[in-house]
Amino acid sequence: NYISHNTLDNNNNGIGLYVAGTGAKQHSFVGSNEIENNGFFGVYGQANSGAYQLVSIFTLGNTVTGNGANYLFGTSGGATNNIY
């Protein structure tokens, strides 16, 4: 996934990234976005059931401020998130 040049402002949620299933892999590049003042989260990532998720976000020029939680990442069932 490549998510860029978006303005997400004053919504309930920002960007959500999900992957599930043994052997499933997802690599998301999130860059040059303005993600501000959303009620619940700015960027949310969830990996479930043995999946692997790689998210490139912190060095790609995003503005993420004023959200309920600016960044929220979780795993379950032996899954892995790698966020940088």
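Residues numbered from 1 in each chain as written. Predicted model: local features only at pLDDT ≥ 70, side-chain atom pairs only at ≥ 80, totals over all residues. Heavy atoms only, no water.

Peer 1: Whenever I open this one, the overall build of the chain confuses me. Can you help?
Peer 2: A count of helical and extended segments in the chain gives zero helices and ten strands. Taking 2.2 N^0.38 as the reference for a compact globule, 84 residues should give roughly 12 Å; the C-alpha atoms of the chain span a radius of gyration of 12 Å, in line with that estimate. When its C-alpha atoms are laid out on the principal axes, the chain stretches across 35 × 20 × 15 Å. Contacts spanning at least 24 positions in sequence make up 86% of the contacts within the chain whose residues lie at least 6 apart. (Helix = DSSP H or I, 4+ residues; strand = E, 2+ residues; numbered from the N terminus. Rg over C-alpha atoms; globule rule 2.2 N^0.38 Å. Contact = heavy atoms within 4.5 Å.)

Peer 1: Quick question: what am I supposed to make of the pairing of strand S4 (residues 25-31) here?
Peer 2: Put simply, side chains in a regular strand alternate between the two faces of the sheet. Pairing of strand S1 (residues 2-4) with S4, which is carried by three bridges, proceeds in the parallel orientation. Of the residues in S4, the one forming a bridge with Ile 3 is Val 30. Pairing between S4 and strand S7 (residues 52-56): five bridges, direction parallel. The residue of S7 that forms the bridge with Ser 28 is Val 55. (Pairing = 2+ DSSP bridges.)

Peer 1: What should I look at first to understand the sheet that holds strand S2 (residues 7-9) in this one?
Peer 2: Backbone-to-backbone hydrogen bonds pair the strands of a sheet. The strands run either parallel or antiparallel. Taken together, the three strands give an open sheet; going across it, the order is S2-S5-S8, and neighbouring strands pair in parallel fashion. Single-partner strands in this sheet number two, and they are S2 and strand S8 (63-65). Averaged over all pairs of adjacent strands, the angle between their axes in this sheet comes to 5°, without regard to strand direction. Relative to strand S5 (residues 34-36), S2 is paired through three bridges, and the arrangement is parallel. Its bridge partner lying in S5, Thr 7 is registered against Glu 34. (Axes fitted to C-alpha atoms, helices over the stretch in contact; angles between N-to-C directions.)

Peer 1: I tried to follow the sheet that holds strand S6 (residues 41-48) on my own but got confused; where do I start?
Peer 2: Across the sheet, three strands lie side by side as S3-S6-S9; this open sheet has parallel pairing. Two strands close off the open sheet at either side, each with one partner strand: strand S3 (13-20) and strand S9 (69-76). In this sheet, adjacent strand axes meet at a mean angle of 5° when their direction is disregarded. Summarising the sheet, S6 and S9 pair through seven bridges and their orientation is parallel. Note on S9: the bridge partner recorded for Gln 46 is Gly 74.

Just distances and angles here, no functional claims.
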